[in-house]
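Residues per chain are reported as follows:
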Amino acid sequence: RTTAVLAPSSSPATATPYLTMFGKCHRSRSCSVYFLLLFLVNAYAADAFNNKIARNTQNPLRRATNNPSHQTMSTANNQKTNPTDSSSPPAALHPIKAGFLGCGTIASAIATSLATPEHETHLAQHGFSLSSISVTKRSESKSSKLEENFPEVVTVYDSAEEVARNSDVIFLCVLPQHVDGVLEDLTEKGIWRTKEHTLVSLVSTSQVEDLIQKSGLPRNSVYKMICLPAIAKREGCALLQPAPTAAPTENDSNDDDSSDANINVKSMLDALGGCVECANDDSMNSLMVTTAMMGPVYGVMRNNRDWLVKQGVSPKDASYFVGRSYLSIVQDAERDCRDANRFDDLIEEQTPGGLNEQALGNLDKQGVLNSYDNAMDAVLSRLQGKSDGSLPSNP
């Protein structure tokens, strides 16, 4: 028989509902003693747990402060300590002072991921704690929403200069035509702190070498990054391109040396859901093509919904069923996706002669998979500046 223990009550008078068994309950003296002991143990554990929750929720948005006891508590809860030396102090968390130049959809998603209280543990596991988020007012609807949602950590500023002065890691999220002006303005005003600032550009057309030249920052402090809005929920996977190492020249300054103050951007992005580091522009451009397949996936799902409606299914049920079905499909594919053969294995699992195997074969015969290849080639060509990315219509 299995004992089912529900949420225990602190009152003995209410013990009976929580002391039940699957199967017949014998009202013997031994059972009564057993149940009483079981209830008391669970009640004690529940009281201890509730006391701990009460202490931890007094400040639901705990952030890095100058309070040593605060840092010790955060570190002890979220960092692995040396099991062989209980006297070793826990490693200090690296405070993140994030700044966003531009506040569109992607900037808002990254900021949301950093500020979400439920993500604090993930940051701590990678050695970080959020100290502050500074954003420029544009786009005002999104920046004001961030400040409203996370007032303890988000501050909206009127200028890029103010954001940069109050940040260590700066996310460049402006339109491509504004990149040069923003970087040059900060350079002319002497805002860049070469020993502390890290620049991460989310402008798809950015070139890391150009960013280094225009900002004057060390090579190891400049990155290009691509991600989808799902990063707000720690979903998806970011792309990160650091500057390639270069042989030192007589014009290089000592600022190119690595500084312990600079943040490990890849580790931070791993904490926010995952990151693939790209060795060069070719690798980054190729991987960026996959992010452009978001639209086609939505298109396939819409087409699937519309087909169901034509078969007499209500639009509401069709939309719900398609969304939930594709979610389960993607979740299954995501499991063990670090295995390079994962997708091949899933296809091999299809029942021979079954509906799924036949549907895939029919799509292949109709040239659908080749059409996907053509669409991806076109996206890559546009990213490389070789074409506008357009394909001719089918005859």
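None of these values were measured; they are calculated from a predicted model.

A.B. asks: Help me out: how do you make sense of the overall build of the protein chain in this one?
C.D. replies: On a plain count of helices and strands, the protein chain comes out with 15 helices and 10 strands. In the protein chain, the proportion of contacts linking residues at least 24 apart, taken out of those at least 6 apart, comes to 64%. Per element, the accessible surface of the protein chain, about 24400 Å² overall, is 52% carbon and sulfur.

A.B. asks: I'm lost on the pairing of strand β7 (residues 198–201) in this one. Help?
C.D. replies: A two-sided burial pattern is seen for β7, the buried positions comprising Thr 198 and Val 200 on one face and Leu 199 and Ser 201 on the other. One ladder, built from four bridges, connects strand β6 (residues 169–172) with β7; its direction is parallel. Among the inter-strand pairings, Val 169 is bridged to a residue of β7, identified as Thr 198. With helix α7 (residues 179–188) bridging β6 and the parallel β7, this β-α-β connection has right-handed handedness. Two elements, β7 and strand β8 (residues 222–226), share three bridges in a ladder whose sense is parallel. Note on β8: the bridge partner recorded for Ser 201 is Lys 224. Taken together, β7, helix α8 (residues 208–215) and β8 form a β-α-β motif whose crossover is right-handed.

A.B. asks: Sorry if this is basic, but what is going on with the packing of α7 against α8 here?
C.D. replies: Relative placement of two packed helices is described by the angle separating their axes and the distance separating the axes. Viewed as axis vectors pointing N to C, α7 and α8 meet at an angle of 35°, and their least axial separation amounts to 8 Å. Between α7 and α8, the contacting residues are Val 179, Asp 180, Leu 183, Glu 184 and Thr 187 on the first element and Leu 211, Lys 214 and Ser 215 on the second. Residues belonging to the contact of α7 with α8 are distributed by class as follows: three nonpolar, two polar and three charged.

A.B. asks: Is there a simple way to explain unusual backbone geometry in this structure?
C.D. replies: The phi angle of most residues is negative, glycine excepted, and most peptide bonds adopt the trans form. With an omega of -10°, the peptide bond between Arg 138 and Ser 139 qualifies as cis. Mapped onto the elements of the fold, Ser 139 is located in the loop between β4 (128–136) and α5 (140–149). The phi dihedral of Arg 234 falls on the positive side, at around 60°, and the residue is not glycine. Residue placement: Arg 234 occurs in the loop between β8 and β9 (238–242). By relative accessible area, which is 24% here, Arg 234 ends up partly exposed.

A.B. asks: Explain the confidence of the model for the protein chain to me, please; I cannot follow it from the model alone.
C.D. replies: A low pLDDT score tells you not to read the predicted coordinates there in detail. Confidence in the prediction of the protein chain, expressed as mean pLDDT, is 81, and 73% of residues score 70 or more. Taken together, the stretch residues 52–88 has pLDDT below 50 and engages in 38 contacts with residues farther than four places along the chain or on a different chain.

A.B. asks: Got a minute to help me understand the nonpolar core in this structure?
C.D. replies: Across soluble globular proteins, you tend to see nonpolar side chains buried next to one another. Residues Ile 96, Phe 100, Leu 114, Ile 133, Phe 171 and Met 225 are the most contacted members of the largest nonpolar core, which totals 38 residues. For this core, the elements supplying multiple residues, two or more each, are β3 (94–101), α3 (105–115), β4, β6, β8, β9 and α9 (265–271). When residues of this core are assigned to their parent elements, the largest contribution, six residues, is made by α3. Apart from residues no more than four positions distant in its own chain, Met 225 is found in contact with Ile 110, Phe 171, Val 200, Ser 201, Leu 202, Ile 231, Ala 238, Leu 239, Leu 240 and Leu 269. Val 163, Leu 186, Val 208 and Leu 217 belong to the second-largest nonpolar core, a separate cluster that totals 21 residues.

A.B. asks: Which parts of the structure should I look at to understand a nonpolar patch on the surface?
C.D. replies: On the surface, Leu 228, Met 294, Val 297 and Tyr 298 cluster together to form a nonpolar patch covering roughly 340 Å² of accessible area. With respect to the element layout, Val 297 can be found in helix α11 (residues 294–310).

A.B. asks: Teacher, can you tell me more about helix α15 (residues 368–383) here?
C.D. replies: Since there are 3.6 residues in each turn of an α-helix, residues three or four apart along the chain are aligned in direction. Compared with an ideal rise of 1.5 Å per residue, which puts 16 residues at 22 Å, α15 spans 23 Å between its outermost C-alpha atoms and is within 8% of the ideal. Looking one or two residues beyond α15, the residue adopting positive phi is Gly 385, at roughly 75°.

A.B. asks: Would you explain the packing of aromatic side chains in this entry?
C.D. replies: Here a ring pair, both rings aromatic, is described through the centre-centre distance and the interplanar angle of the planes. Inspection of every chain in the model, using the stated rule, returns one aromatic pair. A centroid spacing of 4.8 Å and a plane angle of 10° characterise the contact between Phe 100 and Phe 171, whose relative ring orientation is stacked. Highlighted residues: Phe 100 in strand β3 and Phe 171 in strand β6, separated in sequence by 71 residues. Residues Phe 100 and Phe 171 agree in their burial class; the two are buried.

A.B. asks: How should the pattern of salt bridges be read in this particular structure?
C.D. replies: Side chains that carry opposite charge are capable of pairing whenever their charged atoms lie near each other. For the structure shown, the criterion picks out 12 salt bridges. Arg 165 is paired through a salt bridge with Glu 161; the nearest N and O atoms lie 3.1 Å apart. One end of the pair is Arg 165 and the other is Glu 161, both in helix α6 (residues 160–165) and four residues apart, which spans about a single turn. Given a relative accessible area of 22%, Glu 161 falls into the partly exposed group.

A.B. asks: Would you mind showing me how to read the packing of helix α10 (residues 281–291) against α15 here?
C.D. replies: Where α10 meets α15, the closest approach of the two axes is 9 Å, and the angle between their N-to-C directions is 130°. Relative to α15, the element α10 is oriented oblique. As for how α10 packs across α15, the hand of that crossing is right-handed. Two secondary-structure elements touch here, α10 through Asn 285, Ser 286, Met 288 and Val 289 and α15 through Met 376, Val 379, Leu 380 and Leu 383. When grouped by side-chain class, the residues that make up the contact of α10 with α15 number six nonpolar, two polar and no charged.

A.B. asks: Would you take a moment to explain the sheet that holds β3 for this structure?
C.D. replies: Backbone-to-backbone hydrogen bonds pair the strands of a sheet. The strands run either parallel or antiparallel. If you walk across this open sheet you meet the eight strands as β5-β4-β3-β6-β7-β8-β9-β10, and the pairing is mixed. Sheet topology places β5 (154–157) and β10 (275–277) at the edges, where each strand pairs with a single neighbour. Each adjacent strand pair in this sheet contributes to an overall mean axis angle of 25°, direction not counted. Examined bridge by bridge, β4 and β5 share four bridges and lie parallel to one another. Across the sheet, Val 135 pairs through a bridge with Val 156, a residue of β5. In the packing of α8 onto the sheet, contacts are made with β6, β7, β8 and β9, and the angle to β8 comes to roughly 135°.

What counts as what
Residues numbered from 1 in each chain as written. Predicted model: local features only at pLDDT ≥ 70, side-chain atom pairs only at ≥ 80, totals over all residues. Heavy atoms only, no water. Helix = DSSP H or I, 4+ residues; strand = E, 2+ residues; numbered from the N terminus. Contact = heavy atoms within 4.5 Å. Areas by Shrake-Rupley, 256 points an atom, 1.4 Å probe, with all protein chains shown as cover. Buried < 20%, exposed > 50% of the residue type's maximum accessible area, 1.4 Å probe, protein only. Pairing = 2+ DSSP bridges. Right-handed = clockwise from strand over helix to strand, strands pointing away. Axes fitted to C-alpha atoms, helices over the stretch in contact; angles between N-to-C directions. Nonpolar A, V, L, I, M, F, W, Y, C, P; charged D, E, K, R; others polar. pLDDT = per-residue confidence, 0-100. Core = buried A, V, L, I, M, F, W, Y, C linked by side-chain atoms within 4.5 Å. Patch = residues over 30% accessible without salt bridge, like charges linked within 9 Å, V, L, I, M, F, W, Y side chains within 5 Å. Salt bridge = Lys/Arg side-chain N within 4 Å of Asp/Glu carboxyl O. Expected span 1.5 Å × (residues − 1). Phe/Tyr/Trp six-rings, centres within 6.5 Å; stacked < 30°, edge-to-face > 60°. Parallel < 35°, antiparallel > 145°, perpendicular 65-115°, else oblique. Left-handed = near helix turned anticlockwise from the far one by under 90°.

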